[in-house]
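Observations on the three-dimensional arrangement
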Amino acid sequence: MCHSRPLILGYPCSRSLELMGLILWHWLFIFSNLASFSCSLSSDGFTLLALSKRLILPDIISSNWSSHDTTPCGWKGVQCEMNNVVDLNLSYYKVSGSIGPEVGHLRYLKQLDLSST
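Just so it is clear, the model here is predicted, and its values are computed rather than measured.

On to unusual backbone geometry. Even without being a glycine, Met-82 presents a positive backbone phi close to 55°. Along the polypeptide, Met-82 turns up in the loop between strand E2 (78–81) and strand E3 (84–89). Within the chain, Lys-94 stands out as a residue other than glycine whose phi angle is a positive 50°. As for its position among the elements, Lys-94 is in the loop between E3 and strand E4 (96–97).

Spelled out as structure tokens, the structure:
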């Protein structure tokens, strides 16, 4: 496979193979980091999970809110616009506890309803 003549950028064959290997590992590293980033929960999701630690949530909520999701937009009581949480309505679930300062990280939140009906 290798000949004595240069293959890439004037390097001998063995050096060319090393260079190609390094380039391949570089691209695999970049791709794996991008893939893991795209599969992680959004910042709004992490914020809601942080808020949930101060709240007493019924099982129907706590079992539905998962860090394994990529977005909280499908969670009970959560409504989104363009993947941003805009409405958090847990009034039907008899939530108790306190709201932490993390709520300020929900930049697009328009409505928050935690009242008990």
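Below, the discussion takes up the pairing of E2. Residues in a regular strand project their side chains so that they alternate between the two faces of the sheet. Here E2 runs beside E3; their pairing, made up of four bridges, is antiparallel. Pairing of Cys-80 across the sheet is with Val-85, part of E3. Taking the residues that link successive antiparallel strands as the turn, the E2-E3 hairpin has two residues, and the phi of Met-82 there is positive, at about 55°.

Rules used throughout
Residues numbered from 1 in each chain as written. Predicted model: local features only at pLDDT ≥ 70, side-chain atom pairs only at ≥ 80, totals over all residues. Heavy atoms only, no water. Helix = DSSP H or I, 4+ residues; strand = E, 2+ residues; numbered from the N terminus. Pairing = 2+ DSSP bridges.

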